[in-house]
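Chain by chain, the residues run as shown.
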Amino acid sequence: MTAAFILRRSAPDDFDTLGAIMFRAIREGDSPYTQAERVAWMPQQNCGAAWAARLAEQVVVLGSQGDTPVGFMTLVGEGYIDLAYILPEARGQGLFAFLLDEIETCATHDGLTRLWTHASLMAQPAFARNGFSVVRHETIARAGQSLRRAEMEKSL
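These lines cover the structure that appears in this document, whether it is placed above or below. (Residues numbered from 1 in each chain as written. Predicted model: local features only at pLDDT ≥ 70, side-chain atom pairs only at ≥ 80, totals over all residues. Heavy atoms only, no water.)

1. Some points on the sheet that holds strand S2 (residues 59-65)
Rules: Paired strands are those between which DSSP finds at least two bridges. Helix and strand definitions here come from DSSP, where helices need a minimum of 4 consecutive H or I residues and strands a minimum of 2 consecutive E residues; each element is numbered from the N-terminal end. Inter-axis angles, ranging from 0 to 180 degrees, are taken between N-to-C directions of lines fitted to C-alpha atoms, where helices are fitted over the stretch in contact. It only takes one pair of heavy atoms within 4.5 Å for two residues to be counted as in contact.
With mixed pairing, the 7 strands of this open sheet are ordered in space as S1-S2-S3-S4-S5-S7-S6. Each of the sheet's edge strands pairs with one partner strand only, and the pair in question is strand S1 (6-9) and strand S6 (133-142). In this sheet, neighbouring strand axes are inclined to one another by 25 degrees on average, regardless of whether the strands run parallel or antiparallel. Two strands pair when backbone bridges link them, and S6 and strand S7 (residues 145-155) are joined in this way by 9 bridges, in the antiparallel orientation. What sits directly across from Arg142, in S7, is Gln145. In this fold helix H4 (residues 95-109) packs onto S1, S2, strand S3 (68-76), strand S4 (80-86), strand S5 (114-120) and S7, with an angle of close to 35 degrees to the strand it touches most, S3.

2. Looking at H4
Test applied: Expected helix span is computed as 1.5 Å times (number of residues minus one). Only protein chains enter the accessibility calculation, which uses a 1.4 Å probe. A residue is then buried if its area is under 20% of the maximum for its type, exposed if over 50%, and partly exposed in between. In this description, one arc is meant: the one made by directions from the helix axis to the C-beta atoms.
Compared with an ideal rise of 1.5 Å per residue, which puts 15 residues at 21 Å, H4 spans 21 Å between its outermost C-alpha atoms and is within 8% of the ideal. Listed in full, the buried residues belonging to H4 are Leu95, Phe96, Leu99, Leu100, Ile103, Glu104, Cys106 and Ala107. Looking straight down H4, one finds its buried side chains confined to an arc of 165 degrees; they lie on one side. Just downstream of H4 lies Gly111, where phi reads positive at about 85 degrees.

3. Structural notes on the layout of surface pockets
Rule in force here: Definitions used for this entry: grid spacing 1 Å over protein atoms alone; cavity, a set of points where a 1.4 Å probe fits but cannot get out; pocket, an open set with protein on both sides within 12 Å along at least 5 of 7 lines; lining residue, one with an atom within 4 Å of a point. Grid points are joined across faces, edges and corners, and a volume is the space filled by probe spheres set on the points. Basically, the charged four are Asp, Glu, Lys and Arg, the nonpolar ten are Ala, Val, Leu, Ile, Met, Phe, Trp, Tyr, Cys and Pro, and anything else, Gly included, counts as polar.
Volume-wise, the largest pocket comes out at about 870 Å³. In this structure, the largest pocket is lined by 40 residues; those nearest its centre are Trp41, Ala84, Tyr85, Ser120 and Ala123. Secondary structure elements with two or more residues in the lining of the largest pocket: helix H1 (15-27), S4, H4, S5, helix H5 (124-129), S6 and S7. Broken down by element, the lining of the largest pocket gets its largest block of residues, 7 residues, from S4. When the residues that make up the lining of the largest pocket are grouped by side-chain class, the tally is 24 nonpolar, 9 polar and 7 charged.

As structure tokens, this is what we get:
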């Protein structure tokens, strides 16, 4: 069943909420990553000036159910999807595709012809379902853990 989502561009007042969504999306719910890998990836919630500065440089699309923010996706530079996170309780309801459609609209409007990302094991199936293909698999080291991910891309 697909829930009714409302999309909007985020504002600076949303940035700490986005940090909380990212934290919960990584640390809670089903995941192909171990708990140690999840803690290494996200030891604490993003908030504050550095986080706000990062988001202020990006197109940030926020998805809500009613008044409750439940996911977001960001676009930066020449078509890079930097962040894509959905709360565990909102997964599997179509929000990822809804957010990506809005990101693609923004990218096309800006004259971009390609989107690309570094997708976690968790996000790879959603990106693949929406037309992305794997460029290469890679492993990154973070806090003593090896995290697997894939560079993925989609032509617009």
